[in-house]
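Given next are the chains, with one letter for each unit.
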Amino acid sequence: MNLPFSYFYEKYEDCANHAPGGKKSPQNSSRHSRENLPSSCNNNSATCISPNTPDDCPFTKGEAATVIHHLFKGKAPGPDGIDNIIQQIFNKFPFLLMKLFTTFLKLAKFPNLFKVGNIVIFHKPSKSKTEASFYRPISMLPTIGKVLEKLLTQRLKFHLEKNNRLSNLQYGFRERKSAEMAITKLLGSIHKGKASYDHNRNAILNICEGPEIRDQKKHGCPQGSCSGPAFWNLVANEILQENWPINTNIQAFADDLVLVSHARARVQLESQINQSIAKFSTWASKNQLQISADKTNYLLINKLVRGPTIRWKGKRIKRVHALHALGVYIDEKVNWNTQLKAQSTKATQLYKSLLKIAGKSWGISLKHRRTLYKTVIELVLAYGQ
């Protein structure tokens, strides 16, 4: 769940800008710093317990209420067995949870008990059931721990966004960023490369589904973690701000990363990409990340048949004639034929599915058919157009 950044900006800013006694502090209105943040706040919605450092004011009742009331209904509980009953508890006894959460903030501790989750394994559709990699583990975490994690994550996101600490090349896990914006940026890089030279060669290296944690028990965030996306953006921020070889760009949508490079000659293009991969490999090793070479491929936009030789730790990266990125197919001629064929196939599948529940004289009502078309079919077919 991503709550509106503007909401937390308003609530957190309001809390941080009030000195003890309810009076506005002029120096606090400009920035949050170690020197001038108040140790408590006199907000009507806040339960104020002085933290041991002036970096953060206590959680407000408004923050906690928004997080708790936005918990998804019907979610399976974690090992503690507590589900959305926490909403009723908060409504009746808000001071109990407020004191609990603010105490953890004061102590700068996240209890180990909240880190234990029930692991549920889901099989990926249309994949072999004999391969372990075709199963996705999901952690069912304690509900109280998830609320605390979301409160901390929103504060972290507030700090990162307000102080422009994240690269603009990251389009995933961020408010006011979208897959459409990432696609537009990627196409802009491609067309810029094509226009640079008369006989230009473009290569797009797609690291599909991104790095995977080697040992999730020691280094990773569990699937289902509330803070995982925010922490991933911090890890990816380093590689996005790296200095890349000439005519080479990188961008990311969550953990899907794409490198775009263009050059006059194949040898030069090969050199640029392999230099980039060396940088990427260093970053991955530093952060104990493992790249899936089988899911990494490249697209060459050029009339020549032979492409550059690209390797990842000795393993050759395969060339494809159409790259599937962010739900859109980009082919080597950039004429969208592959995308149109894929959308045509998808439209046929959707039509056949609709026929199973609606005929000319039977099935769901016309009103429900129109709703289904507007909310599902039209959105699917219009994406990427």
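This is a predicted model, so every value here is computed, not measured. (Residues numbered from 1 in each chain as written. Predicted model: local features only at pLDDT ≥ 70, side-chain atom pairs only at ≥ 80, totals over all residues. Heavy atoms only, no water.)

Some details on the packing of aromatic side chains
- Taken as a whole and judged by the stated rule, the model has 5 aromatic pairs.
- Look at tryptophan 232 and tryptophan 283: their rings are 6.2 Å apart centre to centre, the planes differ by 65°, and that puts the pair in the edge-to-face class. Linking tryptophan 232 in helix α7 (residues 228-240) with tryptophan 283 in helix α8 (residues 266-286), this pair joins segments that are 51 residues apart in sequence.
- Looking at tryptophan 283, the relative accessible area reads 3%, which means it is buried.
- Connected via pairs of aromatic rings, a cluster forms that spans Trp232, Phe280, Trp283 and Trp312.
- For lysine 177, the ring lying beneath its charged end belongs to tyrosine 171, and the centroid distance is 4.9 Å. (Phe/Tyr/Trp six-rings, centres within 6.5 Å; stacked < 30°, edge-to-face > 60°. Helix = DSSP H or I, 4+ residues; strand = E, 2+ residues; numbered from the N terminus. Buried < 20%, exposed > 50% of the residue type's maximum accessible area, 1.4 Å probe, protein only. Lys NZ or Arg CZ within 6 Å of the ring centre and 35° of its normal.)

Quick word on the pairing of strand β13 (residues 328-331)
- As judged from the 4 bridges shared by strand β12 (residues 322-325) and β13, these two strands associate in the antiparallel manner. The partner of leucine 323 across the bridge, within β13, is isoleucine 330.
- The turn linking β12 back onto β13 is made up of 2 residues, and leucine 326 within it adopts a positive phi angle of 55°. (Pairing = 2+ DSSP bridges.)

Regarding the environment of leucine 100
- Examined against the element boundaries, leucine 100 turns out to sit in helix α4 (residues 94-107).
- A relative accessible area of 30% places leucine 100 in the partly exposed class.
- The spacing of leucine 100 and isoleucine 144 is 44 residues in sequence and 9.9 Å in space, taken between C-alpha atoms.

Observations concerning the pattern of salt bridges
- Under the definition given, this model contains 8 salt bridges.
- Across the salt bridge formed by arginine 266 and glutamate 270, the nearest N and O atoms sit 3.1 Å from each other. In this pair, arginine 266 and glutamate 270 are both assigned in helix α8, 4 residues apart and thus about one turn of the helix distant.
- Judged by its relative accessible area of 21%, glutamate 270 is partly exposed. (Salt bridge = Lys/Arg side-chain N within 4 Å of Asp/Glu carboxyl O.)

Observations regarding a nonpolar patch on the surface
- Judged by side-chain polarity, Ile85, Ile89, Phe93, Phe95 and Leu96 come together as a nonpolar surface patch covering roughly 470 Å² of accessible area.
- The set of elements that each furnish at least two residues to the nonpolar patch consists of α3 (85-92) and α4.
- Among the secondary structure elements, isoleucine 89 is positioned in helix α3. (Patch = residues over 30% accessible without salt bridge, like charges linked within 9 Å, V, L, I, M, F, W, Y side chains within 5 Å. Areas by Shrake-Rupley, 256 points an atom, 1.4 Å probe, with all protein chains shown as cover.)

Quick word on the confidence of the model for the protein chain
- Overall, the prediction assigns the protein chain a mean pLDDT of 79, with 77% of residues at 70 or greater.
- Confidence, read as mean pLDDT per element, is least for strand β4 (residues 212-213) in the protein chain (40) and greatest for strand β5 (residues 248-253) (93).
- Long-range and interchain partners of residues 1-14, a stretch whose pLDDT sits below 50, account for 41 contacts in this model, where long-range means more than four residues apart.
- In this model residues 16-53 is a low-confidence stretch, pLDDT under 50, and it forms 72 contacts with partners more than four residues away in sequence or in other chains. (pLDDT = per-residue confidence, 0-100. Contact = heavy atoms within 4.5 Å.)

Some remarks on the side chain of glutamine 87
- Relative to the assigned elements, glutamine 87 resides in helix α3.
- Using a relative accessible area of 6% as the deciding quantity, one classes glutamine 87 as buried.
- Non-local contacts of glutamine 87, meaning those with residues more than four positions away in its chain, are made with Ile68, His69, Leu71 and Lys73.

Regarding the nonpolar core
- Core analysis: the largest hydrophobic core is formed by 24 residues, its most contacted members being Ile239, Ile250, Leu257, Phe280, Trp283 and Trp312.
- Those elements that provide at least two residues to this core are α7, β5, β6 (256-263), α8 and β8 (296-301).
- Here this core takes 6 residues from α8, the largest share from any one element.
- The next biggest cluster of nonpolar side chains, apart from the first, holds 18 residues, and it includes Ala64, Met98, Phe101 and Leu105. (Core = buried A, V, L, I, M, F, W, Y, C linked by side-chain atoms within 4.5 Å.)

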